[in-house]
Amino acid sequence: MLAAALGRVLRLPSAPKLTVAGRTDAGVHARGQVVHLDVPVAAWSGAAGRAVTRLAGVLPADVRVRAAGPVPDEFDARFSALWRRYAYRVCDDEAAADPLRRHETLWYFRRLDLVAMNEAGRSCLGEHDFAAFCRRREGATTIRALRTLAWHRDDHGIAVGTVVADAFCHNMVRALVGALLAVGEGRRPPGWPATVLAAAVRDPAVRVVPPHGLCLEEVGYPPPEQLAARAAATRTVRTRG
């Protein structure tokens with residue numbers, strides 16, 4: 001729908017091809033998605049300054065463009081990214097469940113121990129083969145550098161998991177959250193996720209949590225002079241020595 005809206009606003013002969021910073025599982029939200037596309041200079045010049053307003057008029061209510069503008073030729077929304085930050089929201093208290101936020105928060109009415117979950121999360125940080133928490137794709141690596149896996153409670157008592165990595169493979173965040181929830185409710189010890197990670201094979205005991213509690217919050221990029229080098233490095237398939 002965004003491609004079609006851009007084609008209409010920019011008066012292109014057909015919908016443009018979009019490159020996004022992160023492909024999300026069906027049902028996952030994105031508050032900080034980044035998109036790039038190539039368009040003729042004249043098409044952009046004719047819409048510059050009014051693009052965001054005009055897009056708001058043709059997009060559905062659940063899609064909004066916050067900003068639009070030209071970027072260096074070396075910029076690639078996907079491959080130039082340094083990191084992605086996701087948040088997963090869990091309500092573990094029946095009395096605190098807000099029906100108005102049910103589409104973005106997992107209702108999980110088993111009280112969670114965030115201290116134990118944070119201990120478990122720290123043991124998974126660093127560069128590892130996350131095959132145990134990913135759905136494999138032919139020819140794709142499952143090696144990722146996990147920077148943050150931490151939990152806190154917001155002002156409403158909702159447990160919020162923050163997950164930051166250079167990139168994610170399919171189901172990775174949802175599987176990691178599922179493993180930490182098992183720790184948080186006391187079914188597994190804090191060292192269990194690291195044991196699963198080290199085995200490098202999918203464990204049926206790891207539950208992949210529903211997608212609606214997950215949101216792509218932010219994507220980070222290097223300064224313009226480092227964009228090309230970052231994109232080249234990202235395209236290199238990583239292996240473990």
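That block above? That's the structure.
Since we're looking at a predicted model, the values are computed, not measured. (Residues numbered from 1 in each chain as written. Predicted model: local features only at pLDDT ≥ 70, side-chain atom pairs only at ≥ 80, totals over all residues. Heavy atoms only, no water.)

**Q** Looking at this structure, I do not really get the packing of helix α1 (residues 2–9) against helix α3 (residues 51–58). What am I missing?
**A** Packed helices, taken two at a time, are described by the angle between their axes plus the distance between the axes. Remark: α1 packs on α3, axes separated minimally by 10 Å, with the N-to-C direction vectors making an angle of 125°. Taken as axis vectors, α1 and α3 run oblique relative to one another. Here the hand of the crossing between α1 and α3 comes out right-handed. From α1, A5, L6, R8 and V9 reach across to α3, where they touch A51, R54, L55 and V58. Residues of the contact of α1 with α3, tallied by class, amount to 6 nonpolar, no polar and 2 charged. (Axes fitted to C-alpha atoms, helices over the stretch in contact; angles between N-to-C directions. Helix = DSSP H or I, 4+ residues; strand = E, 2+ residues; numbered from the N terminus. Parallel < 35°, antiparallel > 145°, perpendicular 65-115°, else oblique. Left-handed = near helix turned anticlockwise from the far one by under 90°. Contact = heavy atoms within 4.5 Å. Nonpolar A, V, L, I, M, F, W, Y, C, P; charged D, E, K, R; others polar.)

**Q** Looking at this model, I keep getting lost on the packing of helix α4 (residues 114–122) against helix α5 (residues 172–184). Mind explaining?
**A** Look at α4 against α5: their axes get within 8 Å of each other, and the N-to-C directions meet at 135°. With respect to their mutual orientation, α4 and α5 come out oblique. As α4 runs across α5, the sense of the crossing is right-handed. Together, A116, M117, A120 and G121 of α4 and L180, L181, V183 and G184 of α5 make up the contact between the two elements. Here the residues of the contact of α4 with α5 sort into 6 nonpolar, 2 polar and no charged.

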